[in-house]
Amino acid sequence: MSNSNNINWFEMCESLAFLKRQVTPKKTYYYFRLAKPQIKMHAPYGTQAFYEEYQSLLNNLQKQQVQETVKKVDYTILTLGGLWEAFKKSEYWSNLATSTQQAKIRRFEPIIKDNADVAWVRLTHHEIGEKLQDVAKGSAGGSAKGLNQRDQIYKDFSGLFRWAIENVKECPDDFANPCSRLSKIQKKKNQKPQRVWKKAEIQAFLDFHKSGTMAHLAVLLISEVGTAACDSYLLGHNHLVDDSKDKLRFHRQKTKVMCNQRMSSKLVQEIQKTSSGKTFIHQKNGNKFASSKSFSNIFKAWVLKAGLADDLTIHGLRRYAAVTAAKAGATEYELMQMFGWSTTTEPLKYIEEAKSLGFLGSDKILQLKQQKEDDFQENNRLEYKEIRKLSTKNKSGSNIKHLSGSLARPAGLTLKK
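Note that the coordinates shown come from a computational prediction; the quantities given were computed from them, not determined experimentally. (Residues numbered from 1 in each chain as written. Predicted model: local features only at pLDDT ≥ 70, side-chain atom pairs only at ≥ 80, totals over all residues. Heavy atoms only, no water.)

Points about the pattern of salt bridges
Phase 1: In this structure the tally under the stated criterion is eight salt bridges.
Phase 2: Of the charged contacts in the structure, one is a salt bridge between Lys88 and Glu109, with a shortest N-O distance of 3.6 Å. With Lys88 in helix α3 (residues 80-88) and Glu109 in helix α5 (residues 98-114), the pair connects residues that are 21 residues apart, well separated along the chain.
Phase 3: Accessibility expressed as a relative area gives 31% for Glu109, which makes it partly exposed.
Phase 4: Glu201 is the salt-bridge partner of Arg195, the closest N and O atoms lying 3.1 Å from each other.
Phase 5: Given a relative accessible area of 27%, Arg195 falls into the partly exposed group. (Salt bridge = Lys/Arg side-chain N within 4 Å of Asp/Glu carboxyl O. Helix = DSSP H or I, 4+ residues; strand = E, 2+ residues; numbered from the N terminus. Buried < 20%, exposed > 50% of the residue type's maximum accessible area, 1.4 Å probe, protein only.)

Section: the pairing of strand β4 (residues 247-251)
Phase 1: Here β4 shows one buried face, formed by Leu248 and Phe250, and one open face, formed by Lys247, Arg249 and His251.
Phase 2: Sheet topology note: the β4/strand β5 (residues 258-262) ladder contains five bridges and is antiparallel. The partner of Lys247 across the bridge, within β5, is Arg262.
Phase 3: The loop that links β4 with its antiparallel partner β5 comprises six residues; one of these, Lys256, has a positive phi angle of about 65°. (Pairing = 2+ DSSP bridges.)

Notes on the pairing of strand β1 (residues 19-23)
Phase 1: By the bridge criterion, five bridges tie β1 to strand β2 (residues 28-32) in an arrangement that is antiparallel. Following the sheet pairing, Gln22 is matched in β2 by Tyr29.
Phase 2: Turn length for the β1-β2 hairpin, with the two strands adjacent in sequence and antiparallel, is four residues.

Quick word on the environment of His42
Phase 1: With respect to the helices and strands, His42 occurs in the loop between β3 (39-40) and α2 (48-72).
Phase 2: Residue His42 is classed as exposed on the basis of its relative accessible area, which comes to 67%.

Remarks on the side chain of Ser223
Phase 1: Of note, Ser223 is situated in helix α9 (residues 214-225).
Phase 2: Of note is the side chain of Ser223, whose polar atom sits 2.6 Å from the backbone oxygen of Val219.
Phase 3: Here Leu220 takes part through its backbone oxygen, which lies 3.2 Å from a polar atom of the side chain of Ser223.
Phase 4: Not counting chain neighbours up to four residues away, the residues in contact with Ser223 comprise Ile202, Leu317, Tyr320 and Ala321. (Polar contact = N/O pair within 3.5 Å; in protein donor to acceptor, adjacent residues only side chain to side chain. Contact = heavy atoms within 4.5 Å.)

Examining the state of the cysteines
Phase 1: This structure, assessed with the given rule, holds zero disulfides.
Phase 2: Here Cys230 is not disulfide-linked; the sulfur of Cys259 is the nearest cysteine sulfur, at 10.0 Å. (Disulfide = S-S within 2.5 Å.)

A short note on the packing of aromatic side chains
A ring pair, where both rings are aromatic, is described by two values, the distance of the centres and the angle of the planes.
Phase 1: Considering all chains together, one arrives at 26 aromatic pairs under this definition.
Phase 2: Aromatic side chains Tyr45 and Phe50 sit 5.1 Å apart centroid to centroid with 75° between the ring planes, which places their arrangement in the edge-to-face category. As far as burial versus exposure is concerned, Tyr45 and Phe50 are alike and both buried.
Phase 3: A connected cluster of aromatic rings, assembled from ring pairs, spans Trp84, Phe87, Tyr92, Trp93, Phe108, Trp120, Phe157, Phe161, Trp163 and Phe175. (Phe/Tyr/Trp six-rings, centres within 6.5 Å; stacked < 30°, edge-to-face > 60°.)

Re unusual backbone geometry
Phase 1: Phi is positive for Lys256, which is not a glycine, with a value near 65°.
Phase 2: Take Lys256: its relative accessible area is 55%, and that puts it in the exposed class.

Concerning helix α8 (residues 199-208)
Phase 1: Where α8 is concerned, the buried positions are Glu201, Ile202, Phe205 and Leu206. Buried residues along α8 cover an arc of 135° about the axis, so they all sit on one side. Structural note: α8 exposes Lys199 and Ala200 on the side pointing more than 90 degrees away from its buried face.
Phase 2: Against α9, α12 (292-305) and α13 (314-327) lie the buried residues of α8. (Arc of directions from axis to C-beta.)

See the structure below:
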């Protein structure tokens with residue numbers, strides 16, 4: 001046994017954590033601040049008596065807390081079913097969007113129904129992993145859809161246990177989130193990307209959904225601008241540059257990269273004709289869609305209504321826009337600026353695809369040739385008009401008439417005699 005006389009009691013008192021010091025001109029007072037109300041210490045500070053008094057107060061408080069906890073423990077909340085019900089009554093739950101609440105209920109309810117009496121405080125990551133693996137192999141048969149569902153439920157459970165650790169007083173101090181030791185399932189490497197739309201499919205969609213409908217505008221906008229689902233339903237007049245009608249500038253939701261796009265006159269006219277809300281694409285009442293998921297669901301219904309294949313998606317339409325831009329000769333950095341990619345990995349894929357098709361730059365070359373021809377024709381037309389105008393004003397007009405006679409008359413231009 002160590003001799004108490006050899007202990008530096010002043011240093012021992014200095015190490016005490018739950019002390020409050022009150023300094024007055026005459027005396028310094030010490031309080032045990034864990035108790036409510038705080039308890040004034042009577043023994044002299046820096047002595048063995050002071051240290052023992054502090055330890056006694058601390059032990060009494062801990063015993064009192066244990067007794068109160070035993071009396072107030074709600075054992076139903078320690079089951080998975082009880083925890084789920086408490087979570088749905090929480091403030092955190094009330095702050096979630098209605099669509100998010102409904103999605104969580106759809107994913108949670110089947111699992112909770114079969115495991116309502118399971119003590120979640122005793123769950124291990126192996127047990128949760130097995131349950132989630134069963135979800136992935138269930139009705140989806142281990143497909144990408146099933147794997148995605150498994151990963152989403154994994155995120156839901158991880159969030160539920162985090163909430164329990166922070167808000168449930170019955171949660172043991174040594175409880176660790178069992179989902180923290182799980183990782184997402186890696187999707188199959190040979191999984192095919194979402195199919196690119198064909199021109200004929202886009203035309204069939206536009207023929208069915210006539211001009212002036214929101215479906216018609218949505219396909220025109222996405223096939224031309226190439227926005228993702230999470231950006232398409234948010235684009236609006238506030239993204240037009242300097243109050244222009246055809247220049248778009250917006251930050252992509254996923255990567256936060258600034259995107260710059262120019263819209264065709266056809267798309268601008270369709271927006272002016274169809275859109276009446278703050279966003280270009282909106283619901284019938286003029287309000288924007290609640291989420292990208294709700295917009296994607298409506299879009300899928302439009303596709304099926306037009307009699308097209310159910311594997312045609314918004315992302316497939318975005319891929320069509322990227323392939324079209326790559327075929328026109330856009331560089332990887334131009335594609336990054338247009339579609340909001342943060343690396344060159346994605347744009348290079350589309351450039352390689354355009355190369356494999358033998359189309360790289362062909363559309364751009366034809367476009368430049370046509371533009372050059374149109375510009376030449378327009379300049380020639382203007383010059384011819386100007387010379388004829390001067391020739392009629394000059395009385396003699398010999399030199400100017402000679403010039404006008406030597407200039408070839410542009411096609412389609414008729415002069416009144």
